[in-house]
Amino acid sequence: MDLTQVTSATTTYVADSTTSETVISSDFETFLKMLTVQMENQDPLDPTDSAEYAMQLATFSGVEQQVLTNDLLTSLMTQMNATGMAQIADWVGKEARAAMPAHFSGSAITIAPNPVATADTVELVVYDSDGNEVERSETPVSADPIEWSGTSADGTPYEHGLYEFRVVSSSNGEVLLDDLADVYASVQEVRSEAGEIILMMEGDVAVLSSTVSAIREESS
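Please read all numbers here as calculations on a predicted model, not as lab measurements.

How each quantity is defined
- Residues numbered from 1 in each chain as written.
- Predicted model: local features only at pLDDT ≥ 70, side-chain atom pairs only at ≥ 80, totals over all residues.
- Heavy atoms only, no water.
- Helix = DSSP H or I, 4+ residues; strand = E, 2+ residues; numbered from the N terminus.
- Buried < 20%, exposed > 50% of the residue type's maximum accessible area, 1.4 Å probe, protein only.
- Areas by Shrake-Rupley, 256 points an atom, 1.4 Å probe, with all protein chains shown as cover.
- Pairing = 2+ DSSP bridges.
- Salt bridge = Lys/Arg side-chain N within 4 Å of Asp/Glu carboxyl O.
- Core = buried A, V, L, I, M, F, W, Y, C linked by side-chain atoms within 4.5 Å.
- Contact = heavy atoms within 4.5 Å.

Give me the lowdown on the overall build of the protein chain, citing residues and values where you can.
Of regular secondary structure, the protein chain possesses 2 helices and 12 strands. Here the protein chain holds 220 residues, and the buried ones make up 30% of them. Accessible surface for the protein chain amounts to roughly 13400 Å². Of this, 53% is attributable to carbon and sulfur atoms.

Describe the pairing of strand β10 (residues 196-201), listing the residues and the values that go with them.
Here is the key point about a regular strand: its side chains alternate between the two faces of the sheet. Within β10, 5 of the 6 residues are buried, which leaves the element mostly enclosed by the surrounding structure. Note that strand β9 (residues 182-193) and β10 share 6 bridges and pair antiparallel. By the bridge assignment for β10, V187 is matched with M201. In this structure, the hairpin formed by β9 and β10 is closed by a connection of 2 residues, where A194 is found at a positive phi of approximately 50°. Where β10 meets strand β11 (residues 205-208), 4 bridges bridge the pair, whose relative direction is antiparallel. If you follow I198 over to β11, its bridge partner there is L208.

Break down the pattern of salt bridges for me, citing the residues and quoting the values.
For the coordinates displayed, the defined rule picks out 10 salt bridges. Ionic pairing is found between E217 and K94, a salt bridge with its closest N-O pair at 3.7 Å. Taken as a pair, E217 in strand β12 (residues 214-217) and K94 in strand β1 (residues 94-99) lie far apart in primary sequence, 123 residues in all. A salt bridge links E123 to R136; its shortest N-O distance comes to 3.0 Å. With E123 in strand β4 (residues 121-128) and R136 in strand β5 (residues 133-139), this pair connects stretches of sequence that are 13 residues apart.

Any details on the nonpolar core? Residues and values, ideally.
Judged by nonpolar contacts, the single largest core of 30 residues is most densely connected at M100, I109, I111, W148, F165, L199 and M201. Aside from chain neighbours lying at most four places away, what touches L199 is I88, W91, V187, E189, V190, V205, A206, V207, S209 and V212.

Can you tell me about unusual backbone geometry, naming the residues and giving the values?
One non-glycine residue with positive phi stands out, namely N172, at about 55°. The residue N172 is located in the loop between β7 (161-171) and β8 (174-180) in this model. Unusually for a residue other than glycine, D204 sits at a positive phi of about 60°. Along the chain, D204 turns up in the loop between β10 and β11.

Given below as structure tokens:
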């Protein structure tokens, strides 16, 4: 894992926290000055109830505590995210399974279909990166993995690039489910973006780590 990523995230949080505390301190001083002016200029024949001052102080104190609590939660989330990245960094160089397009570079792609159990017909439909259907074939009503070789019916290899695999489950000619299939792809990089851990797969495909359903060693 790139330790500079964790250091940068931590430094950013510290800077943000310091800024929040500075703003709170400045606002509190301003609040006290305004409160002092209010007390100095009140009508001596009809002074403000001391309970009202206490309520104003309590309200400001509550806002201050909420801001500090939010900063603490941000710090904890940053630390948890860094810990998650440290664990998931071990996935780099392995194959992750998720519902996503896959990059074909000549080697077979493992597809993990999940057809509807009550379907009487299941088809695997393959689309290229332009959304054109390049292949449609019937498959068993089973969750067993499928090895897609990337060749046409006459044995001609398809062009290298991204392909999307959809599993279409039908019953009596009616489509029950048209779903993006899970595929195995190589993890190239682990990133942290907006509080989420992102996996960069082969072919610049980005997926959330939380959507990964399996990890395996790269097939030779």
